[in-house]
Protein chains: 2
Amino acid sequence: MLRPTVHDVAHVANVSLSTVDRVLNGRDGVRAATRERVRAAMRELGYERDIMAANLSRKRVYKVHFTLPEGPNSFMRNLAEEVRAQTRHAARARIEISVSTVPPFDGRALAADLRRVRETAPDGVVVVATDDAEVRQAVFDLRAAGIEVITLVSDLPTSGRAHFVGIDNVSAGRTAAGLLGRFCQDRQGRIAIVAGSMLLRDHVERRLGFEQVMHAEFAHLQLMPPLEGRDEADRVEQLMSDAFGAHDDIVGIYSLGGGNGGLRRALGRMAPTPWPMVVAHELTAQSRAALQDGAFDAVLHQDIAREVRHALDILRKLIDAAPVDPGAGLIQTEIFLRDNLP
Amino acid sequence: MLRPTVHDVAHVANVSLSTVDRVLNGRDGVRAATRERVRAAMRELGYERDIMAANLSRKRVYKVHFTLPEGPNSFMRNLAEEVRAQTRHAARARIEISVSTVPPFDGRALAADLRRVRETAPDGVVVVATDDAEVRQAVFDLRAAGIEVITLVSDLPTSGRAHFVGIDNVSAGRTAAGLLGRFCQDRQGRIAIVAGSMLLRDHVERRLGFEQVMHAEFAHLQLMPPLEGRDEADRVEQLMSDAFGAHDDIVGIYSLGGGNGGLRRALGRMAPTPWPMVVAHELTAQSRAALQDGAFDAVLHQDIAREVRHALDILRKLIDAAPVDPGAGLIQTEIFLRDNLP
DNA sequence: GGTTTTTTGATGTACGTTAGTCAAGAATTC
DNA sequence: GAATTCTTGACTAACGTACATCAAAAAACC
């Protein structure tokens with residue numbers, strides 16, 4: 001009832017262990033007919049190589065590199081911290097993690113870093129991608145060098161990256177709209193949108209999803225054009241204060257980027273009556289406090305720790321050439337109210 | 001820079017491999033002073049035993065048993081299916097899974113099954129617990145026999161189970177209230193609660209959390225006493241129809257158990273105007289359809305696949321006597337609207 | 001046919017651990 | 001001080017796989 005081993009395969013195929021080994025590891029010097037006999041035996045027995053024993057034998061160490069944007073952003077700081085925290089755990093699974101940071105929103109710098117990383121010949125790379133042609137090329141070159149690439153948090157499609165690990169941002173935007181629309185279903189007025197930057201793919205996607213659902217399901221609410229807060233609290237505060245000054249019928253706010261501290265301050269100073277319903281992104285000290293004191297109603301969140309673990313998991317499978325469910329990588333967006341704060 | 005091995009420990013402690021092994025595996029015949037020397041060397045080097053190599057050597061197979069309630073409940077059917085699906089995967093990690101099913105809501109039968117399972121001497125047991133003194137005793141006896149026990153979906157505190165894997169049901173109830181209250185914030189009227197059975201701990205907890213928040217935050221809404229639908233669609237349909245007949249001001253419904261098909265039918269036949277806001281539990285074919293056609297507004301869900309994987313993960317760690325974060329096991333409750341259905 | 005080349009088998013070592021045996025050495029007992 | 005017990009070290013085999021070497025067998029070539 002135990003798992004079949006190479007010995008069993010050798011026996012069934014009526015060949016020696018050496019031959020099974022040659023077939024298994026793609027070494028040459030095996031006649032096609034013999035190779036097929038061995039393959040048939042493996043299929044018949046349902047043989048699967050014991051990866052742990054295999055790794056033990058080859059002293060395999062998975063070299064994985066993370067390239068992250070630096071900057072004061074508390075979300076990215078958490079990310080970096082989480083990667084560091086996983087380094088300890090990963091060592092147990094023979095994964096050796098290295099990290100480099102690059103300036104945010106700078107495609108050129110990111111591409112340069114990826115080229116540098118390629119020289120260190122890692123087995124896999126995890127990158128928070130900036131959407132840029134040069135970055136796309138750098139990812140493509142990594143792939144060409146046999147290095148597996150996974151995008152994290154912000155995707156880079158058609159770059160050859162094997163998987164994206166993060167939330168579905170269009171869906172997150174739709175969710176925000178579904179919540180905010182229902183919160184405001186019996187009200188008339190405007191909905192304000194505060195974005196970070198429309199250069200970030202995840203922000204663009206959130207806005208897209210949000211507007212889709214708002215238009216389709218909650219047409220009685222009037223969408224204002226997005227304010228670009230660049231994830232900076234002061235700028236967000238200024239923009240929102242201006243908006244409150246210009247309109248007294250803002251009944252809902254969707255904050256899809258950073259700088260929530262500024263939004264709080266603007267609300268505290270001059271929120272209209274009734275207090276607008278607010279949906280924001282990322283559970284941080286600011287947004288948590290805002291939930292608790294009732295300033296925000298809901299916060300959409302991605303569990304970064306889970307994403308990092310998930311990325312490492314998928315990467316290991318890719319490197320082992322094990323099958324990976326193509327749907328893997330999408331993390332469910334979490335929704336927090338003041339009532340289910342962890 | 002590689003991980004230290006027993007050889008390194010032996011060298012540093014200036015003892016033989018045999019002695020290190022004796023200390024490591026708690027065999028006797030080692031003087032206290034020597035043992036301490038070895039321990040010091042392990043600490044100094046940061047030695048951690050390579051579990052994969054260790055398991056390979058001892059041909060360890062983790063025997064894990066699942067005891068699940070049977071019955072027509074689609075939630076439990078999914079659970080059983082998921083356990084079966086994990087069996088294949090688990091085999092790769094040397095985990096051998098067995099499953100038994102027992103009649104639902106029957107503490108005596110469950111306890112009997114656990115006693116039977118104890119005879120098969122598994123390393124660990126995962127059980128969907130019915131809250132019952134006899135079950136508590138059976139779990140306690142398993143623990144006494146050195147068998148690790150984890151409760152799944154429905155907890156059984158003070159039974160000695162090592163962990164509970166599932167959602168925080170009080171928090172789920174609070175979340176439901178937070179959503180429903182905000183959905184109905186500009187309305188006046190009654191809120192109906194449909195439960196499965198108040199004999200199930202998870203249902204009791206959901207109701208508790210729901211009422212907590214409703215009373216505290218949304219006192220303008222009037223809570224009706226819970227209807228016990230026993231997770232049966234027909235009964236739920238009857239109860240809700242009666243409720244609609246008796247009251248024309250039901251503005252919100254919280255369905256915290258099964259039988260959502262019945263709720264849908266009752267709503268279709270005689271929902272008041274405006275259509276009540278509905279929050280239900282578990283994403284099934286019924287609740288998904290109800291979200292899509294707008295009958296339900298939100299569905300709280302627990303990802304069973306994740307729970308099963310999580311339970312196996314924790315169990316493996318427990319059996320290896322590895323440290324397990326006491327907070328592990330709590331799975332975030334997912335929230336689905338029609339806008340973020342997977 | 002004999003020779004060369006290709007294919008196959010036998011054998012050994014290693015990975016880091018478990019687990020055992022046996023004998024030498026040290027400490028303890030009377 | 002001798003007999004006894006306890007402690008320690010040296011050695012071996014095993015887990016399932018990888019990888020290398022050498023010899024034997026089989027196929028291909030001229």
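Residues numbered from 1 in each chain as written. Chains lettered and ligands numbered in written order. Predicted model: local features only at pLDDT ≥ 70, side-chain atom pairs only at ≥ 80, totals over all residues.

(A) Spotlight on the overall build of chain A. Counting secondary structure elements, chain A contains 13 helices and 13 strands. Seen through its C-alpha atoms, chain A measures out along the principal axes to roughly 85 × 40 × 30 Å. Per-residue burial for chain A yields a buried fraction of 45% across its 342 residues. Considering only contacts in chain A between residues 6 or more positions apart, those separated by 24 or more positions represent 71%. (Helix = DSSP H or I, 4+ residues; strand = E, 2+ residues; numbered from the N terminus. Buried ≥ 20, exposed ≤ 12 C-beta atoms within 10 Å, placed from the backbone. Contact = placed C-beta atoms within 7 Å.)

(B) Layout of unusual backbone geometry. All names here are of chain B. Despite not being glycine, Phe-105 has its phi angle at roughly 60 degrees, a positive value. When you line up the elements, Phe-105 lands in the loop between strand 2 (95–102) and helix 6 (107–119). Non-glycine residue Asp-231 carries a positive phi angle of around 60 degrees. Assignment of secondary structure puts Asp-231 in the loop between strand 8 (227–228) and helix 10 (233–246).

(C) How the structure looks around the protein's contact with DNA strand C. The environment of DNA strand C is made up of 25 residues, and the closest members are Ser16(A), Thr34(A), Thr5(B), Ala54(B) and Ser57(B). Within the residue set of the surface near DNA strand C, elements represented by two or more residues are helix 2 (17–24) and helix 4 (51–58) of chain A together with helix 2 (17–24) and helix 4 (51–58) of chain B. Sort the elements by how many residues they give to the surface near DNA strand C and helix 4 of chain B lands first, with five residues. Along the lines of polarity and charge, the residues of the surface near DNA strand C split into nine nonpolar, ten polar and six charged. (Near = placed C-beta within 6 Å. Nonpolar A, V, L, I, M, F, W, Y, C, P; charged D, E, K, R; others polar.)

(D) Up close: the relation of the copies chain A and chain B. Mapping chain A onto chain B calls for a rotation angle of 180 degrees and an axial translation of 0.0 Å; the resulting RMSD is 0.2 Å. Both copies are brought into coincidence by an operation consistent with a two-fold rotation axis. By C-alpha distance to the rotation axis, the residue of chain A lying nearest is Phe183(A), at 2.4 Å. Of all interface residues in chain A, 100% are interface residues in chain B too; the two copies therefore contact each other through one and the same surface. (Least-squares fit on C-alpha atoms with pLDDT ≥ 70 in both.)

(E) Main features of the interface of chain A and chain B. Across the contact, 27 residues belong to chain A and 27 residues belong to chain B. Breaking the side of chain A that touches chain B down by element, the ones donating at least two residues are helix 4, helix 5 (74–92), helix 8 (169–183) and strand 13 (334–336) of chain A. In terms of residue count, the dominant contributor to the side of chain A that touches chain B is helix 8 of chain A (eight residues). When the residues that make up the side of chain A that touches chain B are grouped by side-chain class, the tally is ten nonpolar, six polar and eleven charged.

(F) Focus on the sheet that holds strand 2 of chain B. Residues and elements named next belong to chain B. Taken in spatial order, the six strands of this open sheet run 2-1-3-4-5-12, and their pairing is parallel. On the outer flanks of this sheet lie strand 2 and strand 12 (330–331), each paired with one strand and no other. Strand direction decides the pairing type here: strand 4 (residues 148–152) and strand 5 (residues 163–167), joined by three bridges, are parallel. Of the residues in strand 5, the one forming a bridge with Ile-150 is His-163. (Pairing = 2+ DSSP bridges.)

(G) Just the environment of Met214(B), in detail. Residue and element names in this part refer to chain B. Examined against the element boundaries, Met-214 turns out to sit in helix 9 (residues 201–217). A count of 24 C-beta atoms within 10 Å places Met-214 in the buried class. Along the backbone, Met-214 and Ile-191 are 23 residues apart, and their C-alpha atoms lie at a distance of 9.5 Å. Residues contacting Met-214, with those up to four places away along its chain left out, are Ala-177, Gly-181, Ile-191, Leu-221 and Leu-223.

(H) Representation of the nonpolar core within the structure. Core analysis: the biggest nonpolar cluster contains 88 residues, and Leu180(A), Val194(A), Leu180(B) and Val194(B) have the highest contact counts within it. Leaving out residues up to four positions away in the same chain, Val194(B) has contacts with Leu227(B), Gly229(B), Val236(B), Leu239(B), Met240(B), Ile253(B), Ser255(B), Leu256(B), Gly257(B) and Leu263(B). (Core = buried A, V, L, I, M, F, W, Y, C linked by C-beta atoms within 7 Å.)

(I) Broad picture of the domain arrangement of chain A. Residues and elements named next belong to chain A. Along its sequence, chain A is organised into domain 1 (6–49), domain 2 (61–161 + 304–330) and domain 3 (169–301). Measuring from the centre of the C-alpha atoms in domain 2 to the corresponding centre in domain 3 gives 30 Å. Listed by partner, the interface residues are eight residues for domain 2 and eight residues for domain 3. Each residue belonging to the side of domain 2 that touches domain 3 can be placed in one class, and the counts come to three nonpolar, three polar and two charged. (Domains from an automatic or database assignment.)

(J) Geometry of the environment of Ala138(A). Residue and element names in this part refer to chain A. Note that Ala-138 resides in helix 7 (residues 133–144). Once the C-alpha coordinates of Ala-138 and Arg-116 are considered, the two residues, 22 residues apart in sequence, prove to be 9.9 Å apart. Not counting residues up to four positions away in its chain, the partners in contact with Ala-138 are Ala-111, Leu-114 and Arg-115.

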